[in-house]
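Structural overview for review
If you want the building blocks of each chain, they are given just below.
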Amino acid sequence: MAAPTSSTAEARGGRKRFTVGPDSRPALRPYVRIAHDPVRRRTVLLAPERVLSPDAIAIDVLGRCDGTITVGEIAVQLAAEYAAPADRILPDIVRLLQDLADKGIVSGDAASGLRRASRSTGAASAEERALPPGVPAPIGLLAELTHRCPLQCPYCSNPVELERPTGELDPATWARVFEKARALGVLQLHLSGGEPTARPDLEAILEAAVGAGLYTNLITSGVLMDRARLERLAAIGLDHVQLSIQDSDVANADRIGHYAGGHAKKQRLAADVVDLGLALTINAPVHRQNIDNVGGMIDLAMAYGAGRIEIANVQYYGWAVRNRAALMPSREAVRRSLAVVQTARRDLQGVLTIDYVAPDYYADRPKPCVGGWGRTMLVVTPTGKVLPCHAAASIPQLTFENVRDRPLADIWVDGAAFRAFRGTGWMKEPCRSCDRREIDWGGCRCQAMALAGAADATDPACRLSPDHAALVDLASTESAEPPPAFIYRRYQARPNQRA
Ligand code: SF4
Ligand code: FES
(Lines give C-alpha, C1' and ligand atoms only; values in the text may rest on other atoms or scores of the structure.)
(Ligands and ions follow the chains in the order given, each with its own letter.)
Protein backbone atom coordinates (compact mmCIF):
# COMPACT_ATOMS: atom_id res chain seq x y z
CA MET A 1 0.00 0.00 0.00
CA ALA A 2 1.23 3.53 -0.69
CA ALA A 3 2.33 5.81 2.13
CA PRO A 4 -0.53 7.87 3.56
CA THR A 5 -0.90 11.33 2.13
CA SER A 6 -3.48 14.05 2.28
CA SER A 7 -4.18 16.57 -0.42
CA THR A 8 -5.94 18.69 2.18
CA ALA A 9 -5.02 22.02 0.61
CA GLU A 10 -6.77 21.09 -2.66
CA ALA A 11 -9.54 19.23 -0.89
CA ARG A 12 -10.69 22.34 0.97
CA GLY A 13 -13.09 23.05 -1.86
CA GLY A 14 -13.46 26.71 -0.97
CA ARG A 15 -13.96 26.12 2.76
CA LYS A 16 -11.75 28.29 4.84
CA ARG A 17 -11.28 29.22 8.46
CA PHE A 18 -13.58 31.95 9.74
CA THR A 19 -11.22 34.66 10.98
CA VAL A 20 -13.03 36.84 13.48
CA GLY A 21 -12.50 40.61 13.42
CA PRO A 22 -14.45 43.75 14.42
CA ASP A 23 -16.41 43.73 11.14
CA SER A 24 -17.36 40.04 11.24
CA ARG A 25 -21.02 39.14 11.66
CA PRO A 26 -20.90 35.83 13.57
CA ALA A 27 -23.84 33.47 13.86
CA LEU A 28 -24.35 30.42 16.02
CA ARG A 29 -24.17 27.34 13.83
CA PRO A 30 -27.60 25.86 13.16
CA TYR A 31 -26.87 22.64 15.02
CA VAL A 32 -25.53 24.30 18.19
CA ARG A 33 -27.94 24.56 21.06
CA ILE A 34 -27.90 26.63 24.21
CA ALA A 35 -29.35 24.56 27.00
CA HIS A 36 -29.99 24.83 30.68
CA ASP A 37 -28.36 22.03 32.64
CA PRO A 38 -30.40 21.95 35.85
CA VAL A 39 -28.49 19.06 37.38
CA ARG A 40 -25.18 20.94 37.29
CA ARG A 41 -26.87 24.33 37.57
CA ARG A 42 -25.26 25.94 34.54
CA THR A 43 -25.89 26.97 30.97
CA VAL A 44 -24.22 24.81 28.34
CA LEU A 45 -23.57 24.82 24.63
CA LEU A 46 -24.38 21.53 23.00
CA ALA A 47 -22.68 20.59 19.75
CA PRO A 48 -21.58 17.31 18.13
CA GLU A 49 -19.72 15.31 20.79
CA ARG A 50 -19.23 18.47 22.84
CA VAL A 51 -20.67 20.02 25.95
CA LEU A 52 -19.17 23.45 26.61
CA SER A 53 -19.82 25.46 29.71
CA PRO A 54 -19.12 29.11 28.90
CA ASP A 55 -19.33 31.84 31.52
CA ALA A 56 -22.23 34.29 31.72
CA ILE A 57 -20.50 36.95 29.60
CA ALA A 58 -19.74 34.46 26.84
CA ILE A 59 -23.39 33.38 26.84
CA ASP A 60 -24.38 37.03 26.65
CA VAL A 61 -22.08 37.54 23.64
CA LEU A 62 -23.37 34.41 21.92
CA GLY A 63 -26.95 35.49 22.47
CA ARG A 64 -26.24 38.53 20.30
CA CYS A 65 -24.57 36.58 17.46
CA ASP A 66 -27.44 36.49 14.99
CA GLY A 67 -25.45 36.97 11.78
CA THR A 68 -26.49 40.59 11.36
CA ILE A 69 -24.69 42.50 14.12
CA THR A 70 -20.91 43.00 13.89
CA VAL A 71 -18.41 42.08 16.59
CA GLY A 72 -17.57 45.76 16.94
CA GLU A 73 -21.23 46.58 17.56
CA ILE A 74 -21.47 43.81 20.15
CA ALA A 75 -18.49 45.38 21.95
CA VAL A 76 -20.24 48.77 21.98
CA GLN A 77 -23.44 47.25 23.37
CA LEU A 78 -21.61 45.39 26.12
CA ALA A 79 -19.48 48.42 26.95
CA ALA A 80 -22.64 50.41 27.63
CA GLU A 81 -24.15 47.67 29.78
CA TYR A 82 -21.06 46.79 31.79
CA ALA A 83 -19.65 50.35 31.96
CA ALA A 84 -16.33 49.37 30.39
CA PRO A 85 -14.46 50.95 27.44
CA ALA A 86 -15.41 49.22 24.15
CA ASP A 87 -11.79 49.19 22.90
CA ARG A 88 -10.76 47.30 26.03
CA ILE A 89 -13.33 44.56 25.71
CA LEU A 90 -13.22 44.17 21.92
CA PRO A 91 -10.02 42.04 21.87
CA ASP A 92 -11.52 39.71 24.50
CA ILE A 93 -14.67 39.27 22.43
CA VAL A 94 -12.65 38.59 19.27
CA ARG A 95 -10.55 36.01 21.15
CA LEU A 96 -13.64 34.32 22.57
CA LEU A 97 -15.42 34.13 19.22
CA GLN A 98 -12.30 32.93 17.38
CA ASP A 99 -11.96 30.09 19.85
CA LEU A 100 -15.62 29.19 19.40
CA ALA A 101 -15.32 29.48 15.60
CA ASP A 102 -12.39 27.05 15.64
CA LYS A 103 -14.51 24.68 17.73
CA GLY A 104 -17.32 24.82 15.17
CA ILE A 105 -19.72 26.75 17.42
CA VAL A 106 -20.04 29.99 15.43
CA SER A 107 -19.53 30.77 11.76
CA GLY A 108 -19.42 33.85 9.56
CA ASP A 109 -21.98 32.35 7.23
CA ALA A 110 -25.21 33.87 8.46
CA ALA A 111 -27.20 32.35 5.59
CA SER A 112 -26.35 28.80 6.61
CA GLY A 113 -26.92 29.73 10.25
CA LEU A 114 -30.48 30.74 9.52
CA ARG A 115 -31.42 27.62 7.58
CA ARG A 116 -32.38 25.87 10.78
CA ALA A 117 -33.09 28.10 13.68
CA SER A 118 -31.00 27.25 16.73
CA ARG A 119 -33.14 25.77 19.43
CA SER A 120 -32.80 26.16 23.11
CA THR A 121 -33.74 23.20 25.12
CA GLY A 122 -35.98 23.26 28.14
CA ALA A 123 -35.30 22.08 31.62
CA ALA A 124 -35.40 18.48 32.62
CA SER A 125 -38.41 17.17 34.44
CA ALA A 126 -38.81 17.91 38.11
CA GLU A 127 -37.53 14.48 38.93
CA GLU A 128 -33.90 15.50 39.32
CA ARG A 129 -32.21 13.42 41.87
CA ALA A 130 -29.45 14.30 44.33
CA LEU A 131 -26.61 11.86 43.76
CA PRO A 132 -24.61 10.41 46.63
CA PRO A 133 -20.95 11.44 47.05
CA GLY A 134 -18.64 9.68 44.56
CA VAL A 135 -21.42 9.20 42.00
CA PRO A 136 -21.16 11.80 39.24
CA ALA A 137 -24.07 12.64 36.95
CA PRO A 138 -23.77 11.03 33.50
CA ILE A 139 -23.49 13.27 30.44
CA GLY A 140 -24.03 10.77 27.63
CA LEU A 141 -26.51 7.99 26.89
CA LEU A 142 -25.78 5.48 24.15
CA ALA A 143 -29.13 4.07 23.10
CA GLU A 144 -28.61 0.90 21.09
CA LEU A 145 -31.96 0.82 19.34
CA THR A 146 -31.36 -2.49 17.59
CA HIS A 147 -28.54 -4.91 16.94
CA ARG A 148 -29.77 -5.46 13.36
CA CYS A 149 -27.27 -4.19 10.81
CA PRO A 150 -26.94 -4.49 7.04
CA LEU A 151 -23.15 -4.20 7.15
CA GLN A 152 -20.83 -7.00 8.25
CA CYS A 153 -17.77 -5.13 9.52
CA PRO A 154 -15.03 -7.40 10.86
CA TYR A 155 -14.23 -4.94 13.68
CA CYS A 156 -17.78 -4.74 15.07
CA SER A 157 -17.63 -3.94 18.78
CA ASN A 158 -21.12 -5.18 19.54
CA PRO A 159 -21.28 -8.32 21.68
CA VAL A 160 -20.80 -11.68 20.02
CA GLU A 161 -24.29 -12.63 21.17
CA LEU A 162 -26.67 -10.10 19.63
CA GLU A 163 -30.14 -9.27 20.91
CA ARG A 164 -33.18 -10.19 18.85
CA PRO A 165 -35.70 -7.73 17.38
CA THR A 166 -38.71 -9.21 19.18
CA GLY A 167 -37.27 -8.08 22.50
CA GLU A 168 -36.50 -4.51 21.45
CA LEU A 169 -37.85 -1.65 23.58
CA ASP A 170 -40.82 0.16 22.06
CA PRO A 171 -40.90 3.95 21.57
CA ALA A 172 -42.96 4.50 24.74
CA THR A 173 -40.33 2.75 26.84
CA TRP A 174 -37.51 4.66 25.14
CA ALA A 175 -39.42 7.88 25.87
CA ARG A 176 -39.47 6.98 29.56
CA VAL A 177 -35.76 6.16 29.47
CA PHE A 178 -34.95 9.52 27.85
CA GLU A 179 -36.95 11.47 30.43
CA LYS A 180 -35.23 9.66 33.28
CA ALA A 181 -31.83 10.09 31.67
CA ARG A 182 -32.34 13.83 31.25
CA ALA A 183 -33.41 14.14 34.89
CA LEU A 184 -30.25 12.28 35.86
CA GLY A 185 -28.05 14.79 34.02
CA VAL A 186 -27.67 13.33 30.52
CA LEU A 187 -27.32 15.98 27.79
CA GLN A 188 -26.04 14.05 24.78
CA LEU A 189 -27.99 11.14 23.32
CA HIS A 190 -26.38 8.80 20.80
CA LEU A 191 -28.91 6.83 18.79
CA SER A 192 -26.95 3.81 17.71
CA GLY A 193 -27.12 0.10 17.00
CA GLY A 194 -26.45 -2.00 15.01
CA GLU A 195 -28.07 0.28 12.50
CA PRO A 196 -30.68 2.56 14.15
CA THR A 197 -32.39 3.35 10.86
CA ALA A 198 -33.37 -0.33 10.65
CA ARG A 199 -36.09 0.62 13.14
CA PRO A 200 -39.23 1.67 11.28
CA ASP A 201 -40.30 3.62 14.37
CA LEU A 202 -37.11 5.69 14.61
CA GLU A 203 -39.16 8.84 14.03
CA ALA A 204 -41.25 8.21 17.15
CA ILE A 205 -38.14 7.46 19.19
CA LEU A 206 -36.44 10.64 17.97
CA GLU A 207 -39.53 12.67 18.79
CA ALA A 208 -39.35 11.42 22.36
CA ALA A 209 -35.64 12.30 22.57
CA VAL A 210 -36.19 15.82 21.29
CA GLY A 211 -39.15 16.21 23.64
CA ALA A 212 -36.93 15.23 26.57
CA GLY A 213 -34.52 18.04 25.66
CA LEU A 214 -31.59 15.85 24.64
CA TYR A 215 -29.03 16.74 21.98
CA THR A 216 -29.54 14.05 19.37
CA ASN A 217 -26.75 12.27 17.50
CA LEU A 218 -27.63 9.59 14.95
CA ILE A 219 -24.81 7.07 14.48
CA THR A 220 -25.41 5.37 11.17
CA SER A 221 -23.82 3.45 8.35
CA GLY A 222 -26.07 5.46 6.05
CA VAL A 223 -27.01 2.66 3.66
CA LEU A 224 -30.68 2.28 4.64
CA MET A 225 -31.76 5.92 4.65
CA ASP A 226 -33.04 8.01 1.78
CA ARG A 227 -33.50 11.76 1.53
CA ALA A 228 -37.20 11.69 2.43
CA ARG A 229 -36.54 9.93 5.72
CA LEU A 230 -33.66 12.20 6.58
CA GLU A 231 -35.92 15.20 5.93
CA ARG A 232 -38.45 13.74 8.37
CA LEU A 233 -35.77 13.26 11.02
CA ALA A 234 -34.45 16.79 10.48
CA ALA A 235 -37.96 18.19 10.80
CA ILE A 236 -38.44 16.37 14.10
CA GLY A 237 -35.26 17.98 15.42
CA LEU A 238 -32.27 15.71 14.76
CA ASP A 239 -29.08 17.68 15.46
CA HIS A 240 -26.17 15.63 14.20
CA VAL A 241 -25.39 12.66 11.96
CA GLN A 242 -22.30 10.59 12.53
CA LEU A 243 -21.72 8.63 9.33
CA SER A 244 -19.31 5.72 9.30
CA ILE A 245 -17.03 5.08 6.35
CA GLN A 246 -14.85 2.04 5.78
CA ASP A 247 -12.16 3.60 3.53
CA SER A 248 -11.61 6.33 0.92
CA ASP A 249 -10.92 3.61 -1.63
CA VAL A 250 -14.39 2.62 -2.86
CA ALA A 251 -13.69 -1.04 -3.63
CA ASN A 252 -11.88 -1.56 -0.35
CA ALA A 253 -14.62 0.25 1.58
CA ASP A 254 -17.31 -2.04 0.17
CA ARG A 255 -15.10 -5.08 0.80
CA ILE A 256 -14.54 -4.17 4.47
CA GLY A 257 -18.22 -3.51 5.15
CA HIS A 258 -19.15 -6.49 2.94
CA TYR A 259 -21.88 -4.40 1.33
CA ALA A 260 -21.78 -3.75 -2.40
CA GLY A 261 -22.61 -0.17 -3.30
CA GLY A 262 -22.43 0.98 0.32
CA HIS A 263 -19.84 3.67 -0.25
CA ALA A 264 -21.92 5.39 -2.95
CA LYS A 265 -24.98 5.41 -0.67
CA LYS A 266 -22.97 7.01 2.11
CA GLN A 267 -21.78 9.71 -0.25
CA ARG A 268 -25.37 10.58 -1.19
CA LEU A 269 -26.47 10.66 2.42
CA ALA A 270 -23.56 12.93 3.40
CA ALA A 271 -24.62 15.45 0.75
CA ASP A 272 -28.20 15.39 2.05
CA VAL A 273 -27.10 15.84 5.68
CA VAL A 274 -25.11 18.97 4.83
CA ASP A 275 -27.84 20.27 2.54
CA LEU A 276 -30.40 20.02 5.33
CA GLY A 277 -28.19 22.01 7.72
CA LEU A 278 -27.46 19.11 10.07
CA ALA A 279 -24.02 18.65 11.59
CA LEU A 280 -21.99 15.91 9.91
CA THR A 281 -19.21 13.86 11.46
CA ILE A 282 -17.38 11.19 9.53
CA ASN A 283 -16.47 8.21 11.63
CA ALA A 284 -13.51 6.31 10.19
CA PRO A 285 -12.43 3.15 12.02
CA VAL A 286 -8.85 2.43 10.96
CA HIS A 287 -6.81 -0.79 10.95
CA ARG A 288 -4.08 -2.41 8.92
CA GLN A 289 -6.31 -2.78 5.83
CA ASN A 290 -7.04 0.95 5.44
CA ILE A 291 -4.61 2.83 7.68
CA ASP A 292 -2.50 4.07 4.78
CA ASN A 293 -5.55 5.88 3.41
CA VAL A 294 -6.04 8.10 6.45
CA GLY A 295 -5.16 11.16 4.34
CA GLY A 296 -7.71 10.13 1.73
CA MET A 297 -10.38 9.74 4.42
CA ILE A 298 -9.66 13.26 5.71
CA ASP A 299 -9.99 14.55 2.14
CA LEU A 300 -13.26 12.67 1.81
CA ALA A 301 -14.61 14.28 4.99
CA MET A 302 -13.70 17.67 3.52
CA ALA A 303 -15.34 16.85 0.20
CA TYR A 304 -18.49 15.71 2.02
CA GLY A 305 -18.65 19.03 3.91
CA ALA A 306 -18.22 17.43 7.35
CA GLY A 307 -17.30 19.59 10.30
CA ARG A 308 -15.54 16.80 12.08
CA ILE A 309 -13.86 13.46 11.45
CA GLU A 310 -13.17 10.87 14.07
CA ILE A 311 -10.30 8.59 13.11
CA ALA A 312 -10.44 5.72 15.54
CA ASN A 313 -7.99 2.85 15.58
CA VAL A 314 -10.18 -0.17 16.12
CA GLN A 315 -10.28 -1.76 19.53
CA TYR A 316 -10.45 -5.44 20.14
CA TYR A 317 -13.48 -6.62 22.00
CA GLY A 318 -16.74 -8.14 20.84
CA TRP A 319 -16.55 -9.51 17.33
CA ALA A 320 -13.29 -7.65 16.59
CA VAL A 321 -11.32 -10.07 18.77
CA ARG A 322 -11.87 -12.75 16.11
CA ASN A 323 -10.31 -10.54 13.45
CA ARG A 324 -7.46 -9.11 15.48
CA ALA A 325 -4.67 -10.46 13.28
CA ALA A 326 -6.47 -9.26 10.14
CA LEU A 327 -6.85 -5.78 11.63
CA MET A 328 -3.66 -5.17 13.63
CA PRO A 329 -1.52 -2.42 12.05
CA SER A 330 2.26 -2.22 12.48
CA ARG A 331 3.76 0.39 14.78
CA GLU A 332 5.29 2.03 11.70
CA ALA A 333 1.92 2.30 9.94
CA VAL A 334 0.41 3.90 13.05
CA ARG A 335 3.29 6.37 13.21
CA ARG A 336 2.81 7.31 9.54
CA SER A 337 -0.92 7.83 9.96
CA LEU A 338 -0.42 9.99 13.03
CA ALA A 339 1.99 12.22 11.08
CA VAL A 340 -0.70 12.71 8.41
CA VAL A 341 -3.27 13.59 11.08
CA GLN A 342 -0.96 16.13 12.71
CA THR A 343 -0.26 17.87 9.40
CA ALA A 344 -3.94 17.93 8.47
CA ARG A 345 -4.89 19.32 11.89
CA ARG A 346 -2.52 22.21 11.31
CA ASP A 347 -3.71 22.82 7.72
CA LEU A 348 -7.40 22.55 8.54
CA GLN A 349 -7.62 24.41 11.84
CA GLY A 350 -11.05 25.97 12.14
CA VAL A 351 -12.31 24.09 9.08
CA LEU A 352 -12.36 20.42 10.05
CA THR A 353 -12.02 19.06 13.58
CA ILE A 354 -9.93 15.92 13.50
CA ASP A 355 -10.24 13.64 16.51
CA TYR A 356 -7.83 10.75 16.68
CA VAL A 357 -8.20 7.69 18.89
CA ALA A 358 -4.74 6.16 19.29
CA PRO A 359 -4.30 2.39 19.25
CA ASP A 360 -3.86 0.92 22.70
CA TYR A 361 -1.50 -1.78 21.54
CA TYR A 362 1.36 0.65 20.99
CA ALA A 363 0.50 3.01 23.82
CA ASP A 364 2.40 3.74 27.03
CA ARG A 365 -0.62 4.66 29.07
CA PRO A 366 -4.27 3.75 28.54
CA LYS A 367 -7.12 6.10 27.75
CA PRO A 368 -9.78 6.85 30.38
CA CYS A 369 -12.18 4.46 28.70
CA VAL A 370 -15.77 5.82 28.67
CA GLY A 371 -14.45 8.68 30.81
CA GLY A 372 -14.10 6.28 33.74
CA TRP A 373 -16.47 3.45 34.62
CA GLY A 374 -19.86 4.72 35.79
CA ARG A 375 -18.75 8.35 35.64
CA THR A 376 -19.91 10.00 32.42
CA MET A 377 -21.98 7.63 30.31
CA LEU A 378 -24.34 4.71 30.25
CA VAL A 379 -25.56 2.34 27.58
CA VAL A 380 -29.03 0.90 27.16
CA THR A 381 -29.15 -2.17 24.91
CA PRO A 382 -31.97 -2.92 22.45
CA THR A 383 -33.80 -5.04 25.04
CA GLY A 384 -33.30 -2.57 27.89
CA LYS A 385 -30.23 -3.77 29.76
CA VAL A 386 -28.22 -0.93 31.29
CA LEU A 387 -24.46 -1.19 30.83
CA PRO A 388 -21.57 1.02 31.97
CA CYS A 389 -19.92 0.67 28.54
CA HIS A 390 -20.89 -0.85 25.21
CA ALA A 391 -18.64 -3.89 25.65
CA ALA A 392 -19.40 -4.59 29.31
CA ALA A 393 -21.24 -7.81 28.43
CA SER A 394 -17.81 -9.30 27.67
CA ILE A 395 -17.12 -9.34 31.44
CA PRO A 396 -18.72 -12.60 32.55
CA GLN A 397 -19.06 -11.86 36.27
CA LEU A 398 -21.26 -8.80 35.67
CA THR A 399 -25.03 -8.93 35.59
CA PHE A 400 -27.06 -6.12 34.11
CA GLU A 401 -30.35 -4.72 35.27
CA ASN A 402 -33.13 -3.73 32.93
CA VAL A 403 -35.02 -0.46 32.54
CA ARG A 404 -38.20 -2.53 32.49
CA ASP A 405 -37.53 -3.69 36.05
CA ARG A 406 -35.85 -0.82 37.86
CA PRO A 407 -35.63 2.98 37.53
CA LEU A 408 -32.66 4.14 35.50
CA ALA A 409 -31.36 6.41 38.27
CA ASP A 410 -31.31 3.54 40.77
CA ILE A 411 -29.38 1.37 38.34
CA TRP A 412 -26.87 4.20 37.73
CA VAL A 413 -26.36 4.92 41.42
CA ASP A 414 -26.15 1.47 42.92
CA GLY A 415 -26.57 -1.18 40.25
CA ALA A 416 -23.99 -3.89 40.90
CA ALA A 417 -22.43 -3.56 37.43
CA PHE A 418 -21.92 0.18 37.92
CA ARG A 419 -20.49 -0.16 41.40
CA ALA A 420 -18.08 -2.90 40.30
CA PHE A 421 -15.41 -0.58 38.87
CA ARG A 422 -16.55 2.93 39.72
CA GLY A 423 -13.92 5.12 41.38
CA THR A 424 -10.62 3.65 42.58
CA GLY A 425 -11.60 1.31 45.42
CA TRP A 426 -11.50 -1.79 43.20
CA MET A 427 -7.94 -1.17 41.98
CA LYS A 428 -4.95 -3.35 42.73
CA GLU A 429 -1.32 -2.37 42.32
CA PRO A 430 0.15 -0.74 40.32
CA CYS A 431 -3.01 1.35 39.74
CA ARG A 432 -3.89 1.66 43.42
CA SER A 433 -0.91 3.89 44.25
CA CYS A 434 -0.44 5.43 40.80
CA ASP A 435 -0.75 9.19 40.44
CA ARG A 436 -2.76 8.72 37.22
CA ARG A 437 -5.47 6.62 38.83
CA GLU A 438 -7.98 9.48 38.73
CA ILE A 439 -6.89 10.54 35.25
CA ASP A 440 -7.29 7.32 33.27
CA TRP A 441 -9.26 5.42 35.93
CA GLY A 442 -7.14 2.34 35.22
CA GLY A 443 -7.93 2.25 31.49
CA CYS A 444 -10.39 -0.16 29.94
CA ARG A 445 -11.99 -2.96 31.99
CA CYS A 446 -13.11 -4.83 28.89
CA GLN A 447 -9.62 -4.79 27.44
CA ALA A 448 -8.20 -6.01 30.76
CA MET A 449 -10.73 -8.86 30.62
CA ALA A 450 -9.93 -9.72 27.00
CA LEU A 451 -6.16 -9.55 27.30
CA ALA A 452 -5.25 -10.18 30.94
CA GLY A 453 -8.18 -12.49 31.69
CA ALA A 454 -9.36 -10.37 34.65
CA ALA A 455 -11.55 -7.29 34.55
CA ASP A 456 -9.88 -5.84 37.66
CA ALA A 457 -6.36 -6.14 36.24
CA THR A 458 -4.40 -3.09 35.12
CA ASP A 459 -5.17 -2.42 31.48
CA PRO A 460 -2.36 -4.14 29.52
CA ALA A 461 -2.10 -0.97 27.40
CA CYS A 462 -0.32 0.56 30.40
CA ARG A 463 3.43 -0.01 30.42
CA LEU A 464 3.24 -0.61 34.18
CA SER A 465 1.01 -3.64 33.63
CA PRO A 466 2.75 -7.02 33.95
CA ASP A 467 0.95 -8.00 30.73
CA HIS A 468 2.17 -5.03 28.69
CA ALA A 469 5.26 -6.64 27.11
CA ALA A 470 3.21 -9.62 25.95
CA LEU A 471 0.69 -7.26 24.41
CA VAL A 472 3.34 -5.36 22.46
CA ASP A 473 4.86 -8.65 21.28
CA LEU A 474 1.48 -9.90 20.16
CA ALA A 475 0.78 -6.74 18.20
CA SER A 476 4.20 -6.77 16.55
CA THR A 477 3.97 -10.45 15.64
CA GLU A 478 0.43 -10.32 14.29
CA SER A 479 1.02 -7.20 12.23
CA ALA A 480 4.17 -8.67 10.66
CA GLU A 481 2.35 -11.75 9.31
CA PRO A 482 0.19 -11.58 6.16
CA PRO A 483 -3.38 -10.76 7.26
CA PRO A 484 -5.78 -13.71 7.43
CA ALA A 485 -9.15 -13.43 5.67
CA PHE A 486 -11.81 -11.40 7.46
CA ILE A 487 -14.43 -13.25 9.46
CA TYR A 488 -17.44 -11.13 8.59
CA ARG A 489 -20.10 -10.35 11.12
CA ARG A 490 -23.52 -11.57 10.08
CA TYR A 491 -26.53 -10.56 12.08
CA GLN A 492 -27.72 -13.56 14.02
CA ALA A 493 -29.82 -13.09 17.12
CA ARG A 494 -29.47 -15.26 20.15
CA PRO A 495 -32.47 -17.55 20.59
CA ASN A 496 -34.62 -17.61 23.72
CA GLN A 497 -33.99 -14.04 24.68
CA ARG A 498 -36.39 -12.09 26.74
CA ALA A 499 -39.11 -10.75 24.51
FE1 SF4 B 1 -3.34 4.20 34.67
FE2 SF4 B 1 -3.12 2.09 36.34
FE3 SF4 B 1 -1.29 2.50 34.42
FE4 SF4 B 1 -1.43 4.14 36.52
S5 SF4 B 1 -0.88 1.95 36.57
S6 SF4 B 1 -1.18 4.74 34.39
S7 SF4 B 1 -3.67 4.19 36.91
S8 SF4 B 1 -3.48 2.02 34.12
FE1 FES C 1 -15.68 -1.43 28.47
FE2 FES C 1 -13.53 0.09 27.93
S3 FES C 1 -14.97 -0.84 26.52
S4 FES C 1 -14.46 -0.31 29.85
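Residues numbered from 1 in each chain as written. Chains lettered and ligands numbered in written order. Predicted model: local features only at pLDDT ≥ 70, side-chain atom pairs only at ≥ 80, totals over all residues. Heavy atoms only, no water.

1. Topic: the overall build of the chain
- Within the chain, the secondary structure is distributed over 17 helices and 15 strands.
- The C-alpha atoms of the chain give a radius of gyration of 23 Å, which matches the 23 Å a tight globule of 499 residues would have.
- Counting only residues that meet the buried cut, the chain has 57% of its 499 residues in that class.
- In the chain, once contacts between residues fewer than 6 apart in sequence are set aside, the share between residues at least 24 apart is 75%.
- In the structure as shown, the chain presents an accessible area of about 20000 Å², 53% of it carried by carbon and sulfur atoms. (Helix = DSSP H or I, 4+ residues; strand = E, 2+ residues; numbered from the N terminus. Rg over C-alpha atoms; globule rule 2.2 N^0.38 Å. Buried < 20%, exposed > 50% of the residue type's maximum accessible area, 1.4 Å probe, protein only. Contact = heavy atoms within 4.5 Å. Areas by Shrake-Rupley, 256 points an atom, 1.4 Å probe, with all protein chains shown as cover.)

2. Digging into the site of ligand 1
- Near ligand 1 you find Arg-365, Pro-366, Pro-430, Cys-431, Cys-434, Arg-436, Arg-437, Asp-440, Gly-442, Thr-458, Cys-462 and Leu-464, and these make up its full shell.
- Of the residues contributing to the shell around ligand 1, the split by class is six nonpolar, two polar and four charged. (Near = heavy atom within 4 Å. Nonpolar A, V, L, I, M, F, W, Y, C, P; charged D, E, K, R; others polar.)

3. Some details on the nonpolar core
- Counting 88 residues, the largest nonpolar core has Phe-178, Ile-298 and Ile-309 as its most contacted members.
- Dropping the residues within four chain positions of it, Ile-309 is found in contact with Ile-282, Ala-284, Met-297, Ile-298, Ala-301, Leu-352, Thr-353, Ile-354 and Asp-355.
- Of all hydrophobic cores here, the second largest spans 32 residues; its members include Leu-28, Ala-47, Leu-52 and Leu-187. (Core = buried A, V, L, I, M, F, W, Y, C linked by side-chain atoms within 4.5 Å.)

4. A short note on the environment of Ser-53
- With respect to the helices and strands, the residue Ser-53 is situated in the loop between strand E4 (50-52) and helix H2 (56-64).
- Classification of Ser-53 by relative accessible area gives partly exposed; the value is 43%.
- Expressed as a C-alpha distance, the spacing of Ser-53 and Thr-43, which sit 10 residues apart in the sequence, is 6.4 Å.

5. A closer look at the packing of aromatic side chains
- A full pass over the atoms with the stated rule returns six aromatic pairs.
- Both rings, one in Tyr-316 and one in Tyr-361, keep their centres 5.1 Å apart while their planes meet at 75°; by these two values the pair is edge-to-face. In this pair, Tyr-316 sits in the loop between strand E12 (308-313) and helix H12 (324-327) while Tyr-361 sits in the loop between strand E13 (353-357) and strand E14 (377-380), placing the two residues 45 residues apart along the sequence.
- Measuring from ring centre to ring centre gives 5.4 Å for Phe-421 and Trp-426, while their planes differ by 85°; the resulting arrangement is edge-to-face. Judged on exposure class, the residue Phe-421 and its partner Trp-426 are both buried.
- A network of ring pairs unites the aromatic residues Trp-373, Phe-421 and Trp-426 as a single cluster.
- The ring of Trp-412 is capped by Arg-422, whose NZ or CZ atom sits 5.1 Å from the centre of that ring. (Phe/Tyr/Trp six-rings, centres within 6.5 Å; stacked < 30°, edge-to-face > 60°. Lys NZ or Arg CZ within 6 Å of the ring centre and 35° of its normal.)

6. Details of the sheet that holds strand E9 (residues 215-220)
- The nine strands are arranged E13-E12-E11-E10-E9-E8-E7-E14-E15 in an open sheet whose pairing can be described as mixed. With one partner strand each, in any of the chains shown, E13 and strand E15 (386-387) form the two edges of the open sheet.
- Alignment of strand E7 (residues 140-144) against strand E8 (residues 188-192), held across five bridges, turns out to be parallel. Paired with Leu-141 across the strands is Leu-189, a residue of E8.
- Docked against the sheet, helix H11 (residues 294-304) engages strand E11 (279-286), E12 and E13, running at close to 165° with respect to E11. (Pairing = 2+ DSSP bridges. Axes fitted to C-alpha atoms, helices over the stretch in contact; angles between N-to-C directions.)

7. Focus on the pairing of E14
- Every second residue of E14 is oriented toward a common face, with Met-377 and Val-379 on one face and Leu-378 and Val-380 on the other, all of them buried.
- Both E7 and E14 contribute to a ladder of four bridges, which runs parallel. Following the sheet pairing, Ala-143 is matched in E14 by Val-380.
- Both E14 and E15 contribute to a ladder of two bridges, which runs antiparallel. Counted as the bridge partner of Val-380 is Val-386 from E15.

8. Side note on the pattern of salt bridges
- A complete count under the given rule lists 29 salt bridges for this structure.
- The shortest N-O distance in the salt bridge between Glu-163 and Lys-385 comes to 3.4 Å. Note that Glu-163 is positioned in the loop between E7 and helix H6 (171-184) and Lys-385 in the loop between E14 and E15, a separation of 222 residues in sequence.
- As a salt-bridge pair, Arg-346 and Asp-347 come within 3.9 Å of each other at their nearest N and O atoms.
- The exposure class of Arg-346 is exposed, given its relative accessible area of 61%.
- The exposure class of Asp-347 is partly exposed, given its relative accessible area of 27%.
- Each of Arg-148, Glu-168, Arg-199 and Asp-201 takes part in a single network of salt bridges with overlapping partners. (Salt bridge = Lys/Arg side-chain N within 4 Å of Asp/Glu carboxyl O.)

9. Details of the side chain of Ser-479
- Mapped onto the secondary structure, Ser-479 falls in helix H17 (residues 468-480).
- The exposure class assigned to Ser-479 is buried, which follows from its relative accessible area of 13%.
- Here Ser-476 takes part through its backbone oxygen, which lies 3.2 Å from a polar atom of the side chain of Ser-479.
- Leaving out residues up to four positions away in the same chain, Ser-479 has contacts with Arg-288, Met-328, Pro-329, Ser-330 and Tyr-362. (Polar contact = N/O pair within 3.5 Å; in protein donor to acceptor, adjacent residues only side chain to side chain.)

10. A closer look at helix H8 (residues 227-236)
- Inspection of H8 places Arg-229, Leu-230, Leu-233 and Ala-234 among the buried residues, and these make up the whole buried set. Buried positions in H8, seen along its axis, are confined to an arc of 140° and lie on one side of it.
- Those residues of H8 that are buried are in contact with helix H7 (202-211), E9, strand E10 (240-244) and helix H10 (262-275).
- Count one or two residues on from H8 and you reach Gly-237, which has phi positive near 130°. (Arc of directions from axis to C-beta.)

11. Topic: unusual backbone geometry
- With an omega dihedral of 5°, the bond running from Gly-193 to Gly-194 counts as a cis peptide bond.
- Geometrically, the link from Glu-429 to Pro-430 is a cis peptide bond, its omega value of 10° lying close to zero.
- Look at Arg-41: it is not a glycine, yet its phi comes out positive at around 50°.
- Looking at the element boundaries, Arg-41 is found in the loop between strand E2 (33-37) and strand E3 (42-47).

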